[in-house]
Amino acid sequence: MKKINFIVTVWVVLVMSCSQGNEGTHSHGGESHTHDQTKETFSIEKLVAEVKTVPDSIMEYLHAQHHSHKVLERRTVPPGYESKELKNWSEYFAKVEDLPAINPGPGEYVHVMEGYKHGYRNLVIGITETFPGGAPPMHTHKGEESHVLLEGTILYALGDTLFTIEAPYIVNIPPMVPHAFKNIGEKTANLVVIFPTNVWEYDVLDFFPFKEKE
C-alpha cells in the first residue's frame, strides 16, 4: 500500500510541474525548467544613480536649432574610474554584469561601457535590459548613434516619425535628432547602442511619444 501511495504522489508532482509555468518551459537532459522572458538577462546589482544637470542657455540654444521640444536635463554616468592601460589580456574585456547600470525610464536599464574607462579612444557602448513595455525618455545626443538588436520587436520614435521594426536590425540615429523606443514584444530586449565618443551623455526632452501608442 505504501508503494502505491508513493507512486501516486510522484505522479501528481510530475503533473503539477508540467502544468506550471508552461511559457518558456523546456527540458535539457530530461530536466524541465522555466526561463522568465520578462526579467533581466544580466545582473543589475551595479545600478547607479545618473548625474543630472540643469540645462543652461547654451544647451537650450543648441537644442532650439534642431527641434521644438524643451530640454529638461542632461544625464551622465558617475565618474570615478581610472582608464585601463591594457597591459594584460584580462584588461581587454569587460563583463556586462560588472559595468555600471542605469535606469533611464520605466522598465529600461542600461549597462554602460564608457570608452575612457576601458582603454578606448572614441567608443561608448550600452546594452539595455528593456522589459516588455519598457522605454527610455525622449532624448538626444550630440553625436550620431547606432542601435543593434538581434531579437525582439521595437516601436521607435525618431524625430516626428513613429515606426515598428522587428529584429535583427541596425538603426541609424543622426546627431541631435529626438528619439526614444519601446519594447512591444513579449521578451526582454537586449538592445546594443553604440556612440563614437568616450563619455555616456544624453539630454532628456519634455515630450514622451508613447503615452497613447501601442
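Residues numbered from 1 in each chain as written. Predicted model: local features only at pLDDT ≥ 70, side-chain atom pairs only at ≥ 80, totals over all residues. Heavy atoms only, no water.

Chemist: Lay out the pairing of strand 10 (residues 153–158) with the relevant residues and their values.
Modeler: Relative to strand 11 (residues 161–166), strand 10 runs antiparallel, the two sharing six bridges. Among the inter-strand pairings, Leu155 is bridged to a residue of strand 11, identified as Thr164. Here strand 10 folds back onto strand 11, and the loop between the two strands holds two residues, one of which, Gly159, carries a positive phi near 65 degrees. Strand direction decides the pairing type here: strand 10 and strand 13 (residues 179–183), joined by five bridges, are antiparallel. If you follow Leu155 over to strand 13, its bridge partner there is Lys182. (Pairing = 2+ DSSP bridges. Helix = DSSP H or I, 4+ residues; strand = E, 2+ residues; numbered from the N terminus.)

Chemist: How would you explain the sheet that holds strand 12 (residues 169–173) if you had to name every residue and give the values?
Modeler: For sheets, the rule is that strands pair by backbone hydrogen bonds, running either parallel or antiparallel. A sheet is described by the order of its strands in space; here six strands give the open sequence 5-6-7-14-9-12, paired in antiparallel fashion. Each edge of the open sheet carries a strand with a single partner, namely strand 5 (101–105) and strand 12. Averaged over all neighbouring strand pairs, the angle between strand axes comes to 25 degrees, with direction disregarded. Pairing of strand 7 (residues 124–130) with strand 14 (residues 192–195), which is carried by four bridges, proceeds in the antiparallel orientation. Each residue of the ladder has a partner; that of Ile125, found in strand 14, is Ile194. (Axes fitted to C-alpha atoms, helices over the stretch in contact; angles between N-to-C directions.)

Chemist: Talk me through the packing of aromatic side chains; I want residue IDs and the actual numbers.
Modeler: Counted under the stated rule, the structure contains eight aromatic pairs. Ring centres of Phe195 and Trp200 lie 5.4 Å apart, and the angle between their planes is 85 degrees; on these two criteria the pair is classed as edge-to-face. Each residue in the set Tyr156, Phe163, Tyr169 and Phe181 is aromatic and connected to the rest through ring pairs, giving one cluster. (Phe/Tyr/Trp six-rings, centres within 6.5 Å; stacked < 30°, edge-to-face > 60°.)

Chemist: Could you give an account of empty space enclosed by the protein, with specific residues and numbers?
Modeler: Applying the stated criterion to the full structure yields one cavity of 30 Å³ or more. Considering the residues around the largest cavity, the lining is formed by 14 residues, among which Glu108, Pro136, His139, Phe181 and Trp200 are closest to the centre. Broken down by secondary-structure element, the contributors of at least two residues to the lining of the largest cavity are strand 6 (108–114), strand 9 (145–149) and strand 14. The residue makeup of the lining of the largest cavity, split by class, is eight nonpolar, four polar and two charged. (1 Å grid on protein atoms, 1.4 Å probe; cavity = no way out; pocket = protein on both sides within 12 Å on 5 of 7 lines; lining within 4 Å. Points joined across faces, edges and corners; volume = space filled by probe spheres on them. Nonpolar A, V, L, I, M, F, W, Y, C, P; charged D, E, K, R; others polar.)

Chemist: Explain the pairing of strand 6 residue by residue, including any values.
Modeler: Looking along a regular strand, one sees side chains alternate from face to face of the sheet. Among the seven residues of strand 6, seven are classified as buried, and the element is accordingly described as predominantly covered. Alternating residues of strand 6 divide into Glu108, Val110, Val112 and Glu114 and Tyr109, His111 and Met113, and every residue in both groups is buried. Here strand 5 pairs with strand 6 via three bridges, running antiparallel. When the sheet's bridge partners are listed, Ala101 is paired in strand 6 with His111. Counted along the chain from strand 5 to the antiparallel partner strand 6, the turn is two residues long, and its residue Gly107 has a positive phi close to 70 degrees. Judged from the seven bridges that link them, strand 6 and strand 7 form a sheet pairing that is antiparallel. The residue bridging Tyr109 from the neighbouring strand is Glu129, located in strand 7. (Buried < 20%, exposed > 50% of the residue type's maximum accessible area, 1.4 Å probe, protein only.)

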